[in-house]
Amino acid sequence: MPEADTIDRVKSRRVQVASLPPADSGRGFARLADKLMDDLGLVEGDVIEIVGKRLTAARAIRPYGEDENIDIIRLDGLQRANAGVGSGDFVEVRKAESKPATKVIFAPAQPNVRLQGSAEALKRTFAGRPLVEGDTVATTGHQRINADMPDHIRQLLNAPAFALQELRLIVASAAPKGIVHIDENTEIELRPAYEEPAAARRADVTYDDIGGMAQSIDQLREMVELPLRYPELFQRLGVDPPKGLLLYGPPGTGKT
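Along every chain, residues carry numbers that run from 1 in the direction the sequence is written. The predicted nature of this model means local features are confined to residues of pLDDT at least 70 and side-chain atom pairs, given and counted, to a pLDDT of 80 or more, with totals for whole chains, interfaces and linings taken over all residues. Only hydrogens and water are set aside when side-chain values are computed; all heavy atoms of the structure are taken into account.

Let us now look at the confidence of the model for the protein. Confidence in the prediction for the protein averages 80 pLDDT; 75% of positions are at 70 or higher. Here residues 141-145 is a poorly scored stretch, pLDDT under 50, and it has 13 contacts once near neighbours within four places are set aside; other chains count. Think of pLDDT as the predictor's per-residue confidence, scored from 0 to 100. By definition in these notes, contact holds between two residues if any of their heavy atoms fall within 4.5 Å.

Next comes the structure, spelled out in structure tokens:
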């Protein structure tokens, strides 16, 4: 497990993962239930360590109204990929500290993409966001700022964007090791070409990239993802999992 500086390793909770709606995705925030935040000694904006098959980090914010009494953590698709988990899996969550990064190197998260841009713009875009080496992160051109967020959280989101469209980047290297954040003294480097991560993870495409079709996505997960991830359920019930599925429809309906 990667190193990380935690404030209190005794205070950790095993929590089930749920999806974060696309409108809140790509910002580096995780929504936690009020009771969970209180149990972990968190206030909005605190850094949390999220440990699934891999360690990643986020800033904790309060839940949606409908989630107030549900013991879950809402993560976007990239955060779930960074932690190596999916919706319905469990992660360990604890309060953590992030160190100011001395240097962070970004690279494109997708092959066949070459980038050239301003390191200063990247610094502004990701300022204050907790990062772990190997994470995949996204930058968006226009961010909708929720009015219910505290002032210091909204200030983090008001930084100028790096581009007018989303760019996905891998944190190819970060110093020091563990959870870090970019500040005014951080040296930023943008490598022009994709670099294969040490651990094979697919984070360049997630369910969050599909607009609408919630019912179709749920069916896809039930028929394909569930048997692959939890084969023991089908064995216990004596039920054969589906052997495949066929996506059909005219061009442009989202099959790919």
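There's plenty left to go through after this.
Whether two strands pair comes down to DSSP finding at least two bridges between them. Numbering of helices and strands runs from the N terminus, with a helix taken as a DSSP run of H or I at least four residues long and a strand as a DSSP run of E at least two residues long. The sheet built from four strands is open, its strands ordered β10-β11-β8-β13 with mixed pairing. A single partner strand is all that each edge strand has here, and the edge strands are β10 (136-139) and β13 (187-190). The average undirected angle you get between the axes of adjacent strands in this sheet is 35°. Looking at chain direction, strand β8 (residues 103-108) and strand β11 (residues 167-175) are connected through six bridges and run antiparallel. Of the residues in β11, the one forming a bridge with Ala107 is Ile170. Axis definition: a line fitted to C-alpha atoms, over the contacting stretch in the case of helices. Angles run 0 to 180 degrees between N-to-C directions.

Before going further, it helps to examine the environment of Gly178. Tracing the backbone shows Gly178 in the loop between β11 and β12 (180-181). To sort residues, take the accessible area from a 1.4 Å probe on protein chains only and compare it with the maximum for the residue type: under 20% means buried, over 50% means exposed, and anything in between is partly exposed. Under the relative-accessibility criterion, Gly178 is labelled buried at 13%. Taking the C-alpha atoms as reference points, Gly178 and Glu133, 45 residues apart in sequence, are found 7.5 Å from one another.

Here the focus is the nonpolar core. Only buried residues count toward a nonpolar core. Its members are Ala, Val, Leu, Ile, Met, Phe, Trp, Tyr and Cys residues joined through side-chain atoms within 4.5 Å. Judged by nonpolar contacts, the single largest core of 19 residues is most densely connected at Leu32, Ile48, Ile50, Ile73 and Val93. Mapped onto this core, the elements with two or more residues apiece are β1 (12-19), β2 (29-32), α1 (34-39), β3 (47-51), β4 (55-61), β5 (72-75) and β6 (90-95). Sequence-distant contacts of Leu32, defined by excluding residues within four places in its chain, comprise Met37, Leu42, Ile48, Ala60, Ile61, Arg62, Pro63, Ile72, Ile73 and Val93.

For the rest of this paragraph, the subject is the pattern of salt bridges. Should a side-chain nitrogen of Lys or Arg be within 4 Å of a carboxyl oxygen of Asp or Glu, the pair is scored as a salt bridge. In total, this model carries 16 salt bridges according to the counting rule given. We note a salt bridge from Arg62 to Asp38, for which the minimum N-O separation is 3.8 Å. Here Arg62, found in the loop between β4 and β5, pairs with Asp38, found in helix α1; they are 24 residues apart in sequence, far enough to count as distant. Note on Arg62: relative accessible area 26%, which makes it partly exposed. Across the salt bridge formed by Glu133 and Lys177, the nearest N and O atoms sit 2.9 Å from each other.

In this structure, the amide linkage connecting Ala175 to the following residue, Pro176, adopts the cis form with an omega of 0°. Position of Pro176 among the secondary structure elements: in the loop between β11 and β12.

A few words now on the environment of Ser98. Structurally, Ser98 can be placed in the loop between β6 and β7 (99-100). Considered as a pair, Ser98 and Arg129 are 31 residues apart in the sequence and their alpha carbons are 9.3 Å apart. Not counting chain neighbours up to four residues away, the residues in contact with Ser98 comprise Val47, Ile179, Val180 and His181. Polar contacts here mean pairs of N or O atoms no more than 3.5 Å apart (in protein, one a potential hydrogen donor and the other a potential acceptor; neighbouring residues in sequence count only if both atoms are side-chain atoms). Among the polar contacts made by the side chain of Ser98, one reaches the side chain of His181 at a distance of 2.7 Å.

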